[in-house]
Amino acid sequence: MAATTILVVGSLVWVEDSDFAWIDGEVVEVNGEDIKVLCTSGKTVVVKASNVYPKDAEAPQCGVDDMTKLSYLHEPGVLQNLRSRYDMNEIYTYTGNILIAVNPFRKLPHLYDSHMMAQYKGAAFGELSPHPFAVADAAYRLMINEGISQSILVSGESGAGKTESTKLLMRYLAYMGGRAAAEGRTVEQQVLESNPVLEAFGNAKTVRNNNSSRFGKFVEIQFDRRGKISGAAIRTYLLERSRVCQVSDPERNYHCFYMLCAAPPEDIQRYKLGNPRTFHYLNQSNCYELDGLDDSQEYIATRRAMDVVGIGSDEQDAIFRVVAAILHLGNIEFAKGKEIDSSVPQDEKSWFHLRTAAELLMCNEKLLEDSLCKRVIVTRDETITKWLDPESAALSRDALAKIVYSRLFDWIVDKINSSIGQDPDSKFLIGVLDIYGFESFKTNSFEQFCINLTNEKLQQHFNQHVFKMEQEEYTKEEINWSYIEFVDNQDILDLIEKKPGGIIALLDEACMFPRSTHETFAQKLYQTFKNHKRFSKPKLSRSDFTICHYAGDVTYQTELFLDKNKDYVVAEHQALLGASKCSFVSGLFPPLAEESAKSSKFSSIGSLFKQQLQALLETLSSTEPHYIRCVKPNNLLKPSIFENKNVLQQLRCGGVMEAIRISCAGYPTRKPFDEFVDRFGLLAPDVLDGSFDEIAACKKLLEKVGLQGYQIGKTKVFLRAGQMAELDTRRSEVLGRSASIIQRKIRSFLARRSFIMLRRSVLQIQSVCRGQLARNVYEGMRREAASLRIQRDLRMHLARKAYKELCSSAVSIQTGMRGMAARNEIRFRRQTRAAIIIQSQCRKYLVRLHYLKLKKAAIATQCAWRGRVARKELRKLKMSARETGALQAAKNKLEKQVEELTWRLQLEKRMRVDMEEAKTQENAKLQSALQDVQLQFKETKELLAKEREAAKRAVEVVPLIQEVPVVDNVMLEKLTSENEKLKAMVSSLEKKIDEMEKKFEETNKISEERLKQALEAESKIVQLKTVMHRLEEKISDMESENQVLRQQTLLNSPVKKISQHPPIPVILHLENGHHMDEANKSNEPQSVTPVKKVGTESDGKLRRSNLERQHENVDALINCVIKDIGFSHGKPVAAFTIYKCLLHWKSFDAERTNVFDRLIQMIGSAIENEANNGHMAYWLSNTSALLFLLQKSLKVAGSSGATPSRKPPPPTSLFGRMTMGFRSSPSSNNLAAAAALAVVREVEAKYPALLFKQQLAAYVEKIYGIIRDNLKKELSSLLSLCIQAPRTSKGSVLRSGRSFGKDSPSTHWQNIIDSLNTLLGTLKENFVPPVLIQKIFTQTFSYINVQLFNSLLLRRECCTFSNGEYVKTGLAELELWCCQVKEEYAGSSWDELKHIRQAVGFLVIHQKYRISYDEITNDLCPILSVQQLYRICTLYWDDNYNTRSVSPDVISSMRVLMTEDSNDAVGSSFLLDDNSSIPFSVDDLSNSLQEKEFLEVKPAEELLENPAFQFLDE
């Protein structure tokens, strides 16, 4: 019954309805206890006031995520809240710490991906939207923090989604506690992969579910001290054996039977199977296939899952052989035999299946027939063989099939447990219980009886937990509370399991007597419990009984109770299968111990199940429980259908209503102080004047209202049942009076406004009329003045016209006279000028003719002289060519020497290997001989010792009569001689051993000498190859020099002499790839050939000294640049110095060098301190600048432009300089390009240089990522504070003590701006390229967009109007920052916030219900997906003005589009992913900088003091 409430006309209430369970309506008339209600369906009903519940008019349209927040916690309120959320695809709802999951009957993959798991990781319970991940995370965190084992109980009826919820929990626990395994699968993977195996053998299609678990499962996941999964175990309860033999339409048998019938052809042929319609155990139902399920693919998947959980291929074959044997057993039919009451297989088909079953089980065919058709009875005196009639034989066949399948299932569970492994050292565990829900069908047998017993026990545990939570809530709030009694179902549990006298005890007793039947058992129940209030007998049945469970009355049929309760194996079946040739089958039926075989103690399924249930409850009692109640919204198993009565019944069966009743028995309404004052402050306006704090204001308000029985906690107001409705009634009255006052004031305001407008209109009309009259008088005056002015202007015009005509005539006459005089003058001047031109042209022709003759003679003289000079140059070139031929001959000779040395080295290696093998064999022989000699010596010594001991014993023996000394001289001499021989043999062996050791040492010495020779030969070969390589380079250099000389010969002036050419420098390559200018280091004459220079000893010493000097230079460079040496003209000094040194040392074109490795190690060690952004920015600037210089300098060998030809030196003659001056004139562009080339020079890069460039690019990306991630880490804590505006109550706003301090909302956004400014300043101080700064802030703003937008979608309290304004203010701050720093550094950062900008823009617009779907998608939020828009629209609520969200039509349109895209896993995801990739390339960096920017850069001053680095100052 509803609590007594004060109802008035206009109150909104809930009325009970036969079709919809509960329907809402409005009170239209109140007559004492009878009230008339106008329902929303249109009908009017009259009900008792005590039979209605109040409805919360201010409840959010989309419901609340925690039903303890409901103002009215009752059945219709809970049902309406679940329905509202289900309509929005919000399938999860909290009731305190209990999660209610409504099966959507559709795929929602976006709710369960890894990104969603990352969102719930570490989040406080209730902070995000309800989800199984939140329950699993709460259990995991509680286990880690408190050190208490946890359990999660998942319950619900068949088809409610228990199995799927269990999978989600295990996935999340594996995500949190998983670890990478070195090899094989991890524990969590094996636990997850065990689900398909257990589902294949333990799940079946029922009327209510296509994948119903027909067994209970409790998964224990064990954790070590670090919170990592270390082991697991699976416990199963009460497998439904009867389903193997009996299936009702339209259900199916266990999945494995259909999978095996759809197996590959070779498996079907091996097991002699076929269509499932041909097997008796499967064709009892017309359902053979499931929609959307391919049994052949499921068979392969199950095989694969078996491999994962550790079931080998042989064991898999044995398992499916047993399953096939069960199918063949079911096809054996029996007919009457020759004997009385005997039976035999009916026909040839039955015999075939009998033989096939025996073949698959690997047992004797005859024994199998006898075990089915006969029964052996053992008495005290004799053994009697009894024939079974066909009906009994069929029952024996079914019993064999059931026990075989039951043992097979138990073996699979044990195998999975042993394969996964348990951790004996584990201290904590999280248990996930997937248990069957309460069941009540038309026919309820022993399975339903056990299932409902389980639910009774779990309901008692659940009630105790809920009551404990209530007590903890009251204790935490420090309120006075009395003991709240709740309906305890202990009487039902005593009725079922009490000993003696319970139903299970009576059932066991009936099973022990052979003559007992279900009718005698039923009569015993009627007699025993005829006065029990929970037990009753149906009127029209003789063997049924009814139990009043907590979820309703259930009638049980006792026909099969006795058979299903017996837990024994027929002796013939045990003997038959225990003797199977298949070790797997015989292992399923191990021989019973003699004691257990002789024991008369009875065992039953009921007793065994009761013991398992008791052990389960003990395990649950030792853990901290968490509950998930799964609900099936309709029996059609279709989406978007919510049946109120069906859901309400499941809530009652799941104990949710019982938990609500327990809560209602205490203080069901709990409101935080601020919400309570916000809602009911108008009942006592004086409490809002700012003189009271929240607690005092609540007390004052409740005292003024006059409520009794409430409690004031530390943070909440606790109200008894019905008090919330009373307060709402008074609030409605106050609001009604206020509405009347507002209406009166509005009417007065409208009338006054109308009068004022009328008076204003009259005054305006008068002013308009007076103005019109004045304008008419003024117009007449204007006309008179205008006519006078026109007359004056006309007279002036006529006079002026006459004057102009006279003036024009005089001017024309004067012009004609003056023109005639000018024409005469110009005619004379033209004649004089023509005469002068003719004279000048004639003189010019004569002079030019003389000049051409002189020029022709000069050219002939120059050509003769240039030919003479060219012939001298040709003779010089021929002499150089002869020297080149000599070098080529030396090269060929050296190549032959290298080949000869290589051949000798290979020969030495083969001789050395042969000698080593011979030496090894000889050593082995000597070692074996030595061991044999030592063994003989040891045996001889032992024999000698024994002889001496025997002699001593003989001497010590006391004579009986008298002592007669007897000495055997012969034996003594013999022993002495043998001893001498042995000593000689030992000495000879020792000599041999010494000789062998000497030989061994000599052999070692020889081998070491040969090894040294081989190494020296290898070093010589390396040296020769190096020399050859140098000669080849010198030859190429000389050829290039010859080409240059030829060009110079052709281009030089006649005055130029050959002797004026500078000497050609001989370039010497060092071993580390660096070069040395020989011309600067030696004063030898140039006529000495390069071959002779390489071969001298002084050259080797010089090469070694230069190598050491080069290492010292590299050390000096690294020691200098590893320090912060600052910047020069906006560019890093360290990068520029490194580049200049590498360019001078010619490291880029070196084949081998360790300079690059040293530099990479130096950079790696320098950036170890990742937390210091200033240090990281310094190295980002240096590495990026150095990478830019390398990108501009290095050219891959063989590419176009890689080896530019040498340009000849500019001519120095006067004629040559004049010619060059005429060809081109210097310009600023050419000068700048030349200067840039002086800084950056293209070189042909070898492999080490290219590798160094790649490693440097990797370091640039790494340092960039570190700076970006540091900023993200710094902003993550601030963003969690910026997503939600702090809520303030109406009273707290007026209080001076509640003003914003350092934690004000503007402070959080300002902290973000400060972080951005700090990093920007750091980057600018270190002259980081602007393109990198742009990318850093662009990705950071993208991260801000992702975090804010995802939080908006996951937290309902963020989707409010006020919160939208708050976030919009913060976004305006970010926009202002982007404008201040300009596009040079901000780039497109502001555009990255497009998702949160559009979402917030939607939240803050008014009158959302008038906006169409097209306007939202095209104008307001074009970038958001349908799923994101739907989520925002359904989560939105206005905490300030209580405005509505979008219209239902828009919601319906979105839901239709979402349904069409529901199968698209990517399209269904509404959360954004953070992009952590590197958004730039080396080319982007290269294009952002220019070579001329490095013109004014100065190298490191520290190195300039070093004489070896004087080249830096050039």
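So, here's what we can say about the structure. Quantities reported herein were computed from a predicted structural model and do not represent experimental measurements.

1. Brief notes about the packing of helix H11 (residues 365–373) against helix H18 (residues 571–578)
(1) Moving on: Look at H11 against H18: their axes get within 9 Å of each other, and the N-to-C directions meet at 165°. Relative to H18, the element H11 lies roughly antiparallel. Crossing of H11 over H18 shows left-handed handedness. Contacts between H11 and H18 involve Leu367, Leu368, Ser371 and Leu372 from the first element and Glu572, His573 and Leu576 from the second.
(2) Moving on: Of the residues contributing to the contact of H11 with H18, the split by class is four nonpolar, two polar and one charged.

2. Some remarks on the pairing of strand S7 (residues 98–102)
(1) Moving on: With five of five residues buried, S7 is to be regarded as a mostly interior element.
(2) Moving on: Of the pairings in the sheet, the one linking strand S6 (residues 92–95) to S7 comprises four bridges and is antiparallel in character. From the neighbouring strand, Thr95 faces S7, where its bridge partner is Ile98.
(3) Moving on: Hairpin connection, S6 to S7: the antiparallel pair is bridged by two residues, and Gly96 has positive phi, about 70°.

3. Considering the nonpolar core
(1) Moving on: In terms of nonpolar packing, the biggest core is built from 262 residues, with Phe201, Phe257, Phe1148 and Leu1374 touching the most fellow members.
(2) Moving on: Of the residues forming this core, the biggest block, 15 residues, is contributed by helix H36 (residues 1247–1282).
(3) Moving on: Setting aside residues no more than four positions away along its own chain, Phe1148 makes contact with Tyr1139, Leu1142, Leu1143, Phe1156, Leu1190, Leu1194, Val1243, Glu1244, Ala1245, Lys1246 and Ala1249.
(4) Moving on: Core analysis: the second largest hydrophobic core is formed by 49 residues, Ile451, Leu507, Cys653 and Ala659 among them.

4. Re the sheet that holds strand S18 (residues 535–536)
(1) Moving on: A sheet is described by the order of its strands in space; here three strands give the open sequence S18-S19-S20, paired in antiparallel fashion. The open sheet is flanked by S18 and strand S20 (552–557), the only strands paired with a single partner.
(2) Moving on: Sheet analysis places strand S19 (residues 544–549) next to S20, joined by six bridges and oriented antiparallel. Paired with Thr546 across the strands is Thr555, a residue of S20.

5. Re unusual backbone geometry
(1) Moving on: The omega torsion across Asp249 and Pro250 is 5°, close enough to zero to call that bond cis.
(2) Moving on: Inspection of the secondary structure assignment puts Pro250 in the loop between strand S12 (229–237) and helix H6 (255–261).
(3) Moving on: Along the chain, Lys499 connects to Pro500 via a cis peptide bond; the corresponding omega equals -15°.
(4) Moving on: Take Pro500: it is sitting in the loop between helix H14 (490–497) and helix H15 (503–512).
(5) Moving on: Of note in this structure, Met362 is not a glycine but carries a positive phi near 55°.

6. Considering the pairing of strand S17 (residues 428–434)
Every regular strand shows the same layout, with side chains that alternate between the two sheet faces.
(1) Moving on: Counting buried residues in S17 gives seven out of seven residues, a clear majority hidden from the surface.
(2) Moving on: A two-sided burial pattern is seen for S17, the buried positions comprising Phe428, Ile430, Val432 and Asp434 on one face and Leu429, Gly431 and Leu433 on the other.
(3) Moving on: Note that strand S11 (residues 216–223) and S17 share seven bridges and pair antiparallel. Residue pairing across strands places Phe218 opposite Leu433, the latter belonging to S17.

7. Describing the environment of Phe438
(1) Moving on: Residue placement: Phe438 occurs in the loop between S17 and helix H13 (446–477).
(2) Moving on: Linking Phe438 and Gly552, residues 114 residues apart in sequence, is a C-alpha distance of 9.7 Å.
(3) Moving on: When neighbours within four sequence positions are excluded, Phe438 is seen to be in contact with Glu157, Asn452, Asn455, His549, Tyr550, Ala551, Gly552, Val554 and Cys653.

8. Overview of the pattern of salt bridges
(1) Moving on: Enumeration according to the criterion identifies 37 salt bridges in this entry.
(2) Moving on: Here Lys43 ties to Asp17 by a salt bridge, and the two come within 2.9 Å at their closest N and O atoms. Taken together, the positions of Lys43 in the loop between strand S3 (34–39) and strand S4 (44–48) and Asp17 in strand S1 (residues 12–17) put the pair 26 residues apart, joining distant regions of the chain.
(3) Moving on: Residues Lys1123 and Glu1502 are paired through a salt bridge, measuring 3.1 Å at the closest nitrogen-oxygen approach. With Lys1123 in the loop between helix H30 (1097–1121) and strand S27 (1127–1128) and Glu1502 in helix H46 (residues 1501–1504), the pair connects residues that are 379 residues apart, well separated along the chain.
(4) Moving on: On the accessibility criterion, Lys1123 (41% relative accessible area) is partly exposed.
(5) Moving on: A relative accessible area of 41% means that Glu1502 is categorised as partly exposed.
(6) Moving on: Put simply, Arg214, Glu240, Arg243 and Glu251 are held in one network by salt bridges that share partners.

9. Describing the side chain of His1395
(1) Moving on: If you trace the backbone, His1395 turns up in helix H41 (residues 1394–1403).
(2) Moving on: What makes His1395 buried here is its relative accessible area of 12%.
(3) Moving on: Filtering out sequence-adjacent residues up to four positions away, His1395 remains in contact with Asn1345, Phe1349, Ile1423, Leu1424, Gln1428 and Leu1472.

What counts, and where the lines are drawn
- Residues numbered from 1 in each chain as written.
- Predicted model: local features only at pLDDT ≥ 70, side-chain atom pairs only at ≥ 80, totals over all residues.
- Heavy atoms only, no water.
- Axes fitted to C-alpha atoms, helices over the stretch in contact; angles between N-to-C directions.
- Helix = DSSP H or I, 4+ residues; strand = E, 2+ residues; numbered from the N terminus.
- Parallel < 35°, antiparallel > 145°, perpendicular 65-115°, else oblique.
- Left-handed = near helix turned anticlockwise from the far one by under 90°.
- Contact = heavy atoms within 4.5 Å.
- Nonpolar A, V, L, I, M, F, W, Y, C, P; charged D, E, K, R; others polar.
- Buried < 20%, exposed > 50% of the residue type's maximum accessible area, 1.4 Å probe, protein only.
- Pairing = 2+ DSSP bridges.
- Core = buried A, V, L, I, M, F, W, Y, C linked by side-chain atoms within 4.5 Å.
- Salt bridge = Lys/Arg side-chain N within 4 Å of Asp/Glu carboxyl O.

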